[in-house]
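Commentary on secondary and tertiary structure
The residues making up each chain are set out below.
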Amino acid sequence: MGWQRADALCQPGGVRLALVGTDLCSVRRAGGLERALHAWAGGLASEHDVVLVDVAPPPAAPGPLPPRVAYRRVDGPETLQAELGALGVDLAVLSNRPAWRARSTKTHLVLHNYPSAWGLDGAPRAAVRRHLRHHRVSAVSAALARHTEESFGLEPGSVAVSPPPVEAVFLDQTPVGGAGILFPNRLMRKKGVELFLAVIADRRLRHVPVRVLDYTSPFLRGGDEHRAMRRLVVESRAALLPEAASRADLARRYAEADVVVSIAIEPEGLGLVPLEAQAVGVPVVTAGPGGTREATLPPNEHVEPTVDALVTAILSALGRGPAPGAASTVAERFSVAAATAALLAALA
């Protein structure tokens, strides 16, 4: 099957696609990037031959694969080219790794995060630009796409936008409320844990219960930063709850909340947490740089990452109640079908 026919992507069985994970986390584990790959793979597999390619060692108890999606484990990025050739892949979709090459296979690079997460270890700007120019490129938000173009001297509009999918389990849930404020972000400094704890210490929120999920990236769980952030939560007035046992359990946790708070201290690619919560219909307050603003849909508010701005927005959200308009927008723009169509448009 030839890449010469770009319209083959629009035809049933048009091409054989590989969606490639990173070296940080196996595609058989439940990180945010890996969940996006699973959802895209499931959407693409209805019309295309799709294989998920794992570059990291799978866990002892690997998670399930989407229906109709094949799986291949490779021994690191240096073997990627040979493996893709052996699989007969027409197009490889890489994730967050501009430096990875597959000379015998067409590649499309999807950027999920800002450059600090690209595995380039401080490479000079000119070298990063050369890496980016080896691929067609898209990003999960317009903010990240424009930042990439401006930072590395790429032609304006050359980086497409491929928003990540929000799974149907969130769109199928409805808000219940009654459990107060929920902070479901990863327990990392860059996710604003310390700022959030200062917010809930404000006297204006003293009557509102607070819950925090004991969640972090799979490869960071139990590390120094996770333990430090966890200890701060335990010492605060918030209740620390176990990590959600499943996606349905997480949807239920969102639904029980009266407001979900999502903060970024460093630039965020987009922000699946606020999108998932808004899919349920729960009021959301966000703060921070990057694509987080794009993930915040009216009537929900994106504010400056300060205690006063966040407290004011939380009080407003508590008074406003559920936001069905935001849920409708998530379904229209970020459902698996919509996000898969956007990715296909970027690939074509």
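Here goes a summary of the coordinates provided. (Residues numbered from 1 in each chain as written. Predicted model: local features only at pLDDT ≥ 70, side-chain atom pairs only at ≥ 80, totals over all residues. Heavy atoms only, no water.)

Here's the deal with the overall build of the chain
Stated precisely, the cut-off is as follows: Strands here mean DSSP runs of E at least two residues long; helices mean DSSP runs of H or I at least four residues long; both are numbered from the N terminus. This radius of gyration counts C-alpha atoms alone. The globule rule is 2.2 Å times how many residues there are, raised to the power 0.38. Summary of the burial criterion: residues with accessible area below 20% of their type's maximum are buried, those above 50% are exposed, and those between are partly exposed, where the area comes from a 1.4 Å probe applied to protein chains only. Should any heavy atoms of two residues lie within 4.5 Å, those residues are considered in contact. What sets the accessible areas is the Shrake-Rupley method with a 1.4 Å probe; for residues, cover comes only from the shown protein chains.
Of regular secondary structure, the chain possesses 12 helices and 13 strands. A globule of 348 residues ought to have a C-alpha radius of gyration of about 20 Å, and the chain, at 20 Å, matches this closely. Dimensions along the principal axes, computed over C-alpha positions, put the chain at roughly 60 × 45 × 40 Å. Buried positions account for 53% of the 348 residues belonging to the chain. Taking the contacts inside the chain whose residues are at least 6 apart along the sequence as the reference set, 66% of them involve residues at least 24 apart. A total accessible area of about 14,300 Å² is found for the chain, and carbon and sulfur atoms account for 53% of it.

Some thoughts on the pattern of salt bridges
What counts, and what does not: Any carboxyl oxygen of Asp or Glu within 4 Å of a side-chain nitrogen of Lys or Arg constitutes a salt bridge here.
One pass over the structure, following the stated rule, counts 17 salt bridges. When the shortest N-O distance is used, the salt bridge between arginine 146 and glutamate 149 registers 2.9 Å. Pair noted here: arginine 146 and glutamate 149 are both in helix H4 (residues 142–151), with a separation of three residues, about one helical turn. Note on glutamate 149: relative accessible area 5%, which makes it buried. Between aspartate 214 and arginine 221 there is a salt bridge whose closest N-O contact spans 3.9 Å.

Structural notes on the sheet that holds strand S6 (residues 136–139)
Rules: Only strands that DSSP links by at least two bridges are regarded as paired with each other. A fitted line through C-alpha atoms represents every axis, and for helices the fit uses only the stretch in contact; the resulting angles, taken between N-to-C directions, go from 0 to 180 degrees.
In space, the seven strands of this open sheet follow the order S3-S2-S1-S4-S5-S6-S7, with parallel pairing throughout. Both outer strands of the open sheet, strand S3 (69–73) and strand S7 (160–161), are each paired with one neighbouring strand and no more. Where helix H1 (residues 32–44) meets the sheet, its contacts fall on strand S1 (16–20), strand S2 (49–54), S3, strand S4 (91–95) and strand S5 (106–111), and the angle it forms with S1 comes to roughly 170°.

Re H4
Cut-off, in case you're wondering: Working note: the arc is built from the helix axis to C-beta atom directions.
For H4, the set of buried residues is Leu144, Ala145, Thr148 and Glu149. The buried residues of H4 all sit within an arc of 135° when viewed along its axis, so they share a single face. Positioned one or two residues after H4, glycine 153 has a phi angle of 65°, which is positive.

Quick word on unusual backbone geometry
With omega at 5°, the peptide bond leading from proline 298 into proline 299 counts as cis. You can see proline 299 is positioned in the loop between strand S12 (284–287) and strand S13 (301–303). Its identity is not glycine, yet arginine 68 carries a phi of approximately 70°, on the positive side. Its relative accessible area of 58% is what places arginine 68 among the exposed residues.

Digging into the environment of arginine 253
Note on placement: arginine 253 falls in helix H8 (residues 247–256). Using a relative accessible area of 9% as the deciding quantity, one classes arginine 253 as buried. Remark: the alpha-carbon pair of arginine 253 and arginine 211, spanning 42 residues in sequence, is separated by 9.6 Å.

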